[in-house]
Amino acid sequence: MISFSERLQKLPPYLFVDLRQRMQAAKARGVDVISLGIGDPDVSTPDPVVEALVQSIQNPKDPDRHRYGCDIPVEDFPQAVLDFYQRRYGVTLSEDQVATTLGSKDAIVKLSLGILNPGDIGIAASPGYPTYNIGHVFASATTYYAPILRENDFYVDFDAIPDEIKRLAKVLWINYPNNPTTATADLNFFERAVEFGRQNDILIAHDNAYSENTYDGYRSPSILQVDGAAEVAVEFFSLSKAFNMTGWRLGFVVGHPTAVNAVKTVKDNIDNGSLRALQFAGAKALSIAEKITPPINAVYQKRRDVVVDALMESGWEIEKPKATIYVWAPVPPRFEGSSRAFATALLEEVGVVVTPGLGYGQWSEGYYRISLTYPDEVIGEAISRIRDFAH
Ligand SMILES: *Cc1c(COP(=O)(O)O)cnc(C)c1O
């Protein structure tokens, strides 16, 4: 009899199942449900990037355009990565410090498969992206969750990590600008993270998925700006949120050469690389990042202001995030901190879906997340319903 492996059975239940069922039930009752739940850009990929893809796939002079991306690598992509890190962060990388990935979700799991042994421990900041833990589970390792709390500026409290965990852990996952809290980190925190990694022989894996989604003139740093960071850290960069390219599946990991090589080696044995045309287009996107990100961010910044202003007018406490594509807010007092009760009531009463904080772990209970990746009209309609709900 075929059944799920123990590994699959160990995966945490998908916490949004309940909400999804309620969503379907509401739709079946005829409620016009609108979702602000998912972080997946609605605006399409910038034209020059799409044009680069089309030109490349149609180029009759490239006899390799249909072939495995891994066997005939596109040098332009890693070169564009090196140039981008130099321009954007002032960080000089060498070629053995770069691996092209099929996006970060995939590569995050591959790093765990490449560096963890059964029984090892990985530390994941919590609340955080669920994939860090999933990578650990697939590698038969265990997760220790390090809470990132508001009273600590959403930073990992390194002193609070038990000695036993510091001794056994091989990797620490952090993510700034952060999903879901929208918190950002300064270089000083990254310096402390690198120091923690060095002292305890723990790889610091920084998920940099939102570094380009910033507002009000804020610029987000790279952990690799810290002196000597590449001796203990890697950084995952994704083209998904930065350039509206979620469906393309393209990203890269940079930094510690052995860790980068571990990802490459897992990849060589599991995937066969991305389509060459996609890599050419990705190189194009990175090379014109300074031109294509401001219009993308202008859209989110405007939506952010609409959402935050409306929620504040409804009497709800909320802060304007300076990065990411989300708004993270405490549930209104009458729900007594239950994000699920709030999300359920919002759905049942006015047909608006938000993401309950509890879905990101126990440390984010009491909060909910709104995604800004929906058309202005949808956000406007959702906001007017939320106003009705509040009154
Ligand atoms: C969206 C997201 C990613 C992954 O994006 P990919 O499309 O897989 O590159 C990684 N980390 C965080 C925190 C994200 O929100």
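Residues numbered from 1 in each chain as written. Predicted model: local features only at pLDDT ≥ 70, side-chain atom pairs only at ≥ 80, totals over all residues. Heavy atoms only, no water.

Caption draft 1: How the structure looks around the packing of aromatic side chains. Here the structure, examined in full by the defined rule, presents 26 aromatic pairs. Aromatic pair Y85 and F252: ring centres 5.9 Å apart, planes at 75°, arrangement edge-to-face. You can see Y85 sitting in helix α4 (residues 76-89) and its partner F252 sitting in strand β8 (residues 251-255), a full 167 residues away along the chain. Judged by its relative accessible area of 0%, Y85 falls in the buried class. Take F252: its relative accessible area is 1%, and that puts it in the buried class. Through a chain of ring-to-ring contacts, three or more aromatic side chains come together here, namely F77, F84, Y85, Y89, F237 and F252. A cation sits over an aromatic face here: K322 above Y218, 4.6 Å from the ring centre. When the ring centre of F389 is taken as reference, the NZ or CZ atom of R334 above it lies at 5.1 Å. (Phe/Tyr/Trp six-rings, centres within 6.5 Å; stacked < 30°, edge-to-face > 60°. Helix = DSSP H or I, 4+ residues; strand = E, 2+ residues; numbered from the N terminus. Buried < 20%, exposed > 50% of the residue type's maximum accessible area, 1.4 Å probe, protein only. Lys NZ or Arg CZ within 6 Å of the ring centre and 35° of its normal.)

Caption draft 2: Representation of the site of the ligand within the structure. The environment of the ligand is made up of 13 residues, and the closest members are D207, Y210, S238, S240 and K241. In this structure, an oxygen atom belonging to the ligand sits 2.9 Å away from a side-chain N or O atom of N179. Side-chain polar atom of Y210 to an oxygen atom of the ligand: 2.5 Å apart, as the coordinates give it. When the ligand is considered free in solution it has 380 Å² of accessible area, and contact with the protein chains removes 94% of it. (Near = heavy atom within 4 Å. Polar contact = N/O pair within 3.5 Å; in protein donor to acceptor, adjacent residues only side chain to side chain. Areas by Shrake-Rupley, 256 points an atom, 1.4 Å probe, with all protein chains shown as cover.)

Caption draft 3: Highlighting the packing of helix α5 (residues 104-115) against helix α6 (residues 131-138). α6 packs onto α5 with a crossing angle of 40° between their chain directions and a minimal axis gap of 8 Å. Between α5 and α6, the angle is such that the two are oblique. Read as a crossing pair, α5 and α6 show a hand that is right-handed. Contact residues: K105, I108, V109, S112 and L113 in α5; T131, Y132, G135, H136 and F138 in α6. Looking at side-chain class alone, the contact of α5 with α6 contains five nonpolar, four polar and one charged residues. (Axes fitted to C-alpha atoms, helices over the stretch in contact; angles between N-to-C directions. Parallel < 35°, antiparallel > 145°, perpendicular 65-115°, else oblique. Left-handed = near helix turned anticlockwise from the far one by under 90°. Contact = heavy atoms within 4.5 Å. Nonpolar A, V, L, I, M, F, W, Y, C, P; charged D, E, K, R; others polar.)

Caption draft 4: Expanded view of the environment of R340. Summarising the element assignment, R340 is placed in helix α13 (residues 339-350). Given a relative accessible area of 39%, R340 falls into the partly exposed group. Taking the C-alpha atoms as reference, R340 lies 22 Å from G30; in sequence the two are 310 residues apart.

Caption draft 5: Quick look at helix α10 (residues 257-270). Across its 14 residues, α10 extends 20 Å between first and last C-alpha, which sits within 8% of the 20 Å expected from 1.5 Å per residue. Looking at α10, one finds that the buried residues are A259, V260, A262, V263, V266 and K267. Down the axis of α10, the smallest arc covering the buried residues is 155°, so these residues share one side. Those residues of α10 that are exposed and angled more than 90 degrees off the buried face are T258, D268 and N269. Here the buried face of α10 lies against β2 (98-101), α5, β6 (203-207), β7 (233-238) and β8. (Expected span 1.5 Å × (residues − 1). Arc of directions from axis to C-beta.)

Caption draft 6: Geometry of the sheet that holds β2. If you walk across this open sheet you meet the seven strands as β2-β8-β7-β6-β5-β3-β4, and the pairing is mixed. Two strands in the sheet have a free side with no partner beyond their single neighbour: β2 and β4 (142-147). Each adjacent strand pair in this sheet contributes to an overall mean axis angle of 20°, direction not counted. Inspection of the sheet shows β7 paired to β8 by five bridges, in the antiparallel sense. Pairing of F236 across the sheet is with V253, part of β8. Against the sheet, α5 engages β2, β5 (169-174), β6 and β7, with an angle of about 155° to β7. (Pairing = 2+ DSSP bridges.)

Caption draft 7: Geometry of the domain arrangement of the protein. The domains assigned to the protein are domain 1 (6-44 + 291-390) and domain 2 (49-289). Put simply, the middle of domain 1 and the middle of domain 2, counted by C-alpha atoms, are 26 Å apart. Between domain 1 and domain 2, the residue contacts involve 32 residues of the former and 34 residues of the latter. Across the interface of domain 1 and domain 2, roughly 3200 Å² is buried in total on both sides, 60% from carbon and sulfur atoms. Joining domain 1 to domain 2, the criterion identifies two salt bridges. Notably, a salt bridge pairs E319 with R150, separated by 3.0 Å at the nearest N-O pair. (Domains from an automatic or database assignment. Buried area = accessible area lost by both parts, 1.4 Å probe. Salt bridge = Lys/Arg side-chain N within 4 Å of Asp/Glu carboxyl O.)

Caption draft 8: Spotlight on the environment of V232. Note that V232 resides in the loop between β6 and β7. Judged by relative accessible area, which is 11%, V232 ranks as buried. Setting aside residues no more than four positions away along its own chain, V232 makes contact with V194, G197, R198, I202, L203, I204 and H256.

Caption draft 9: Geometry of the nonpolar core. Residues Y85, V156, I174, F237 and F243 are the most contacted members of the largest nonpolar core, which totals 57 residues. The element contributing the most residues to this core is α4, with seven residues. Setting aside anything within four residues of it in sequence, one finds V156 in contact with A125, A146, P147, I148, I161, I174, Y176 and F189. Formed by 41 residues, the second largest nonpolar core is a distinct cluster that contains V308, V331, L346 and I386. (Core = buried A, V, L, I, M, F, W, Y, C linked by side-chain atoms within 4.5 Å.)

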